[in-house]
Amino acid sequence: TISGTAKILDADGNDVTGQFTVTGTAGTLQIRRRSLILTSADAEKVYDGAPLTTADLPDGGITVSGGEPLAQVDFILELFRLAKEKGIHTCLDTSGTILNENAKKLLTVTDRVLLDVKYINDADYTKYAGCSIEKPLEFLAYLQTQKIPVTLRQVIIPTLTDNEEIREINNNYRGIDKETDVL
């Protein structure tokens, strides 16, 4: 006779009862694993014991952003290399102000770039971003020579960037998504 509440422990002695449904009737004890659904932004899969792989996801990948990713190029290069080995799409969100040999190495394992163009004219770029607009334009030109897809992005700041000038850059370079992300 079984009485009380069933308790299931894993190999390490941890209580994993919550992962199972336990029912009892006279002479029978059934322990069944609960259904677990793995969900990403684009897909979901009922867990069946097999690993979730990129083949289970229709699209997606990893995007590195925040601060200036090219300031951490060694780490991101290794991350993107590992991602590419696993067939994971890689995307770099950058201001495009650093284009040295290490950045160029990183771009060899980058599938797409989101290029944040902060201002359109050199005076505003220099005043507010601390560098010439030529730096991100050189970065954009390099992306074009390497045939790396790029999406231009710009944060709208009233009276500074709330105009259509970004479309001029969009129209002057090949390989840019024709829709600019206006944030």
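Calculation rules
Residues numbered from 1 in each chain as written. Predicted model: local features only at pLDDT ≥ 70, side-chain atom pairs only at ≥ 80, totals over all residues. Heavy atoms only, no water. Phe/Tyr/Trp six-rings, centres within 6.5 Å; stacked < 30°, edge-to-face > 60°. Buried < 20%, exposed > 50% of the residue type's maximum accessible area, 1.4 Å probe, protein only. Salt bridge = Lys/Arg side-chain N within 4 Å of Asp/Glu carboxyl O. Helix = DSSP H or I, 4+ residues; strand = E, 2+ residues; numbered from the N terminus. Polar contact = N/O pair within 3.5 Å; in protein donor to acceptor, adjacent residues only side chain to side chain. Pairing = 2+ DSSP bridges. Right-handed = clockwise from strand over helix to strand, strands pointing away. Lys, Arg positive; Asp, Glu negative; His and termini not counted. Contact = heavy atoms within 4.5 Å. pLDDT = per-residue confidence, 0-100. Core = buried A, V, L, I, M, F, W, Y, C linked by side-chain atoms within 4.5 Å.

### Things to note about the packing of aromatic side chains
Stage number 1. Within this structure, the stated rule accounts for two aromatic pairs.
Stage number 2. Geometrically, the ring pair formed by Y119 and Y125 is edge-to-face, given 5.9 Å between the ring centres and 85° between the ring planes. Like Y125, Y119 is buried.
Stage number 3. Taken together, the ring pairs connect Y119, Y125 and Y128 into an aromatic cluster.

### Remarks on the pattern of salt bridges
Stage number 1. As enumerated under the stated definition, the model contains four salt bridges in all.
Stage number 2. A salt bridge links D111 to K84; the shortest N-O distance between them is 2.6 Å. In this pair, D111 sits in the loop between α2 (101–107) and β7 (112–116) while K84 sits in helix α1 (residues 73–85), placing the two residues 27 residues apart along the sequence.
Stage number 3. Assessed through its relative accessible area of 24%, D111 is described here as partly exposed.

### Points about helix α3 (residues 122–129)
Stage number 1. Between the side-chain oxygen at the start of α3 and the backbone nitrogen of A123 there is a gap of 3.3 Å, and the oxygen is on N121.
Stage number 2. Positive phi shows up at G130, right after α3, with a value of about 80°.

### Describing the pairing of strand β8 (residues 150–154)
A regular strand places its side chains so that they alternate between the two faces of the sheet.
Stage number 1. Of all the five residues making up β8, five are buried; the element is thus mostly covered by neighbouring parts of the structure.
Stage number 2. Two strands pair when backbone bridges link them, and β7 and β8 are joined in this way by four bridges, in the parallel orientation. Residue pairing for β8: D116 is matched across the bridge by R153.

### Structural notes on the pairing of strand β5 (residues 61–64)
Stage number 1. Where β5 lies against strand β6 (residues 89–94), four bridges are found, and the strand directions are parallel. Counterpart to G61 in the pairing with β6 is H89.
Stage number 2. As for the winding sense of the linkage, the β-α-β connection from β5 through α1 to β6 is right-handed.

### Points about the environment of V155
Stage number 1. Position of V155 among the secondary structure elements: in the loop between β8 and α5 (166–172).
Stage number 2. Judged by relative accessible area, which is 41%, V155 ranks as partly exposed.

### Considering unusual backbone geometry
Stage number 1. Unusually for a residue other than glycine, K147 sits at a positive phi of about 55°.
Stage number 2. Exposure remark for K147: the relative accessible area of 73% places this residue in the exposed category.

### Regarding the side chain of D124
Stage number 1. Topologically, D124 is positioned in helix α3.
Stage number 2. We note that D124 is buried and unpaired, the nearest opposite charge coming from K127 at a distance of 6.0 Å.
Stage number 3. The residues contacting D124, other than those within four sequence positions of it, are Y119, A129 and L160.

### Brief notes about the confidence of the model for the protein chain
Stage number 1. Of the residues in the protein chain, 64% reach a pLDDT of 70 or more, and the chain-wide mean stands at 77.
Stage number 2. The weakest mean pLDDT in the protein chain belongs to strand β9 (residues 181–182) at 50; the strongest belongs to α2 at 96.

### A short note on the environment of A71
Stage number 1. Structurally, A71 is set in the loop between β5 and α1.
Stage number 2. Expressed as a C-alpha distance, the spacing of A71 and I98, which sit 27 residues apart in the sequence, is 8.1 Å.

### A word on the nonpolar core
Stage number 1. Membership of the largest hydrophobic core comes to 27 residues, with the highest contact counts inside it found for F80, L106, L107, V113, L115, F139 and L143.
Stage number 2. Put simply, the parts of the chain that give this core at least two residues each are α1, α2, β7, α4 (134–145) and β8.
Stage number 3. Ranked by residue count, the leading element in this core is α4, at five residues.
Stage number 4. Beyond its immediate sequence surroundings of up to four residues, L107 is in contact with L92, L99, V113, F139, Y142, L143 and I148.

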